[in-house]
Each structure stands twice: as C-alpha cells, then as structure tokens.
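Next come the chains, spelled out residue by residue.
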Amino acid sequence: MRIRVAPLPAAERAAARHILRQSALPELAAWISAARHAPETWTLSRHSRSWRSEGSSTAHRDDQQSYL
C-alpha cells in the first residue's frame, strides 16, 4: 500500500485538504477493506486507485483508467 499526495500551490491546499478528508479518505478506507476481502487472484496482481479534486468533490480512477 502506498499513499502519495501531490504538491499543490499554497492557495489550493486548504480546499484540497477538506476534499481529501470528506471524500477521498473514506473512499480509500472502503477500497482497502474490499481489497482485503478480494479473491486471491485479484490480490496477487497490482492495482491502483487515484483521486483528483474537481470543484468541491473528487473524481477517481482505477488501474490507470480515465477519471470517473
């Protein structure tokens, strides 16, 4: 498991921090829980989930797909 937060301009950090806490972190916790209970074939391969802020919420993508 690796978590990385990309650098942001100082003016955007407070809003991004709020969005991260409200949306991305709960989604990350659910994703980790699902991964822990996934079939062995899924857990043995590499997976990723990324988030980016979009206004007052987030968009995510799985395994390098387009953002939803």
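Residues numbered from 1 in each chain as written. Predicted model: local features only at pLDDT ≥ 70, side-chain atom pairs only at ≥ 80, totals over all residues. Heavy atoms only, no water.

Student: For this particular structure, what's the right way to read the overall build of the protein chain?
Tutor: From N to C terminus, the protein chain includes 2 helices and 2 strands. Taken from the N to the C terminus, the helices and strands of the protein chain come in the order α-α-β-β. Scored against the burial criterion, the 68 residues of the protein chain give a buried share of 15%. With an accessible surface of roughly 5,600 Å², the protein chain has 52% of that area assigned to carbon and sulfur atoms. Across the protein chain, 10 positive and 6 negative side-chain charges occur, with their mean positions spaced 8 Å apart. (Helix = DSSP H or I, 4+ residues; strand = E, 2+ residues; numbered from the N terminus. Buried < 20%, exposed > 50% of the residue type's maximum accessible area, 1.4 Å probe, protein only. Areas by Shrake-Rupley, 256 points an atom, 1.4 Å probe, with all protein chains shown as cover. Lys, Arg positive; Asp, Glu negative; His and termini not counted. Charge placed at Lys NZ, Arg CZ, Asp CG, Glu CD.)

Student: What is the right way to look at the pairing of strand S2 (residues 57-62) in this model?
Tutor: In the case of a regular strand, side chains alternate between the two sheet surfaces. Two strands pair when backbone bridges link them, and strand S1 (residues 49-54) and S2 are joined in this way by 6 bridges, in the antiparallel orientation. Along S2, the bridge assignment pairs Glu54 with Ser57. Hairpin connection of S1 to S2: 2 residues between the antiparallel strands, including Gly55 at a positive phi of 70°. (Pairing = 2+ DSSP bridges.)

Student: What am I meant to see in a nonpolar patch on the surface here?
Tutor: On the surface, Ile3, Val5, Leu20 and Leu25 cluster together into a nonpolar patch covering about 370 Å² of accessible area. When you line up the elements, Ile3 lands in the segment before helix H1 (10-36). (Patch = residues over 30% accessible without salt bridge, like charges linked within 9 Å, V, L, I, M, F, W, Y side chains within 5 Å. Salt bridge = Lys/Arg side-chain N within 4 Å of Asp/Glu carboxyl O.)

Student: How do you make sense of H1 when you look at a structure like this?
Tutor: Side chains three or four residues apart in an α-helix point the same way, a direct result of the helix having 3.6 residues per turn. Within H1, the axis deviates most sharply at Leu20, by approximately 45°. Turning to H1, the residues buried within the fold contact helix H2 (40-43), S1 and S2. (Bend = angle between axes of the 7 residues up to and from the residue. Contact = heavy atoms within 4.5 Å.)

Student: Would you explain the packing of aromatic side chains in this entry?
Tutor: Two aromatic rings, taken as a pair, are described by how far apart their centres are and by the angle between their planes. Taken as a whole and judged by the stated rule, the model has 1 aromatic pair. Taking 6.1 Å as the distance between ring centres and 70° as the angle between the ring planes, the aromatic pair formed by Trp31 and Trp42 counts as edge-to-face. Here Trp31 is found in helix H1, whereas its partner Trp42 is found in helix H2, with 11 residues between them in sequence. Note on Trp31: relative accessible area 17%, which makes it buried. Overall, Trp42 belongs to the partly exposed group, its relative accessible area being 30%. (Phe/Tyr/Trp six-rings, centres within 6.5 Å; stacked < 30°, edge-to-face > 60°.)

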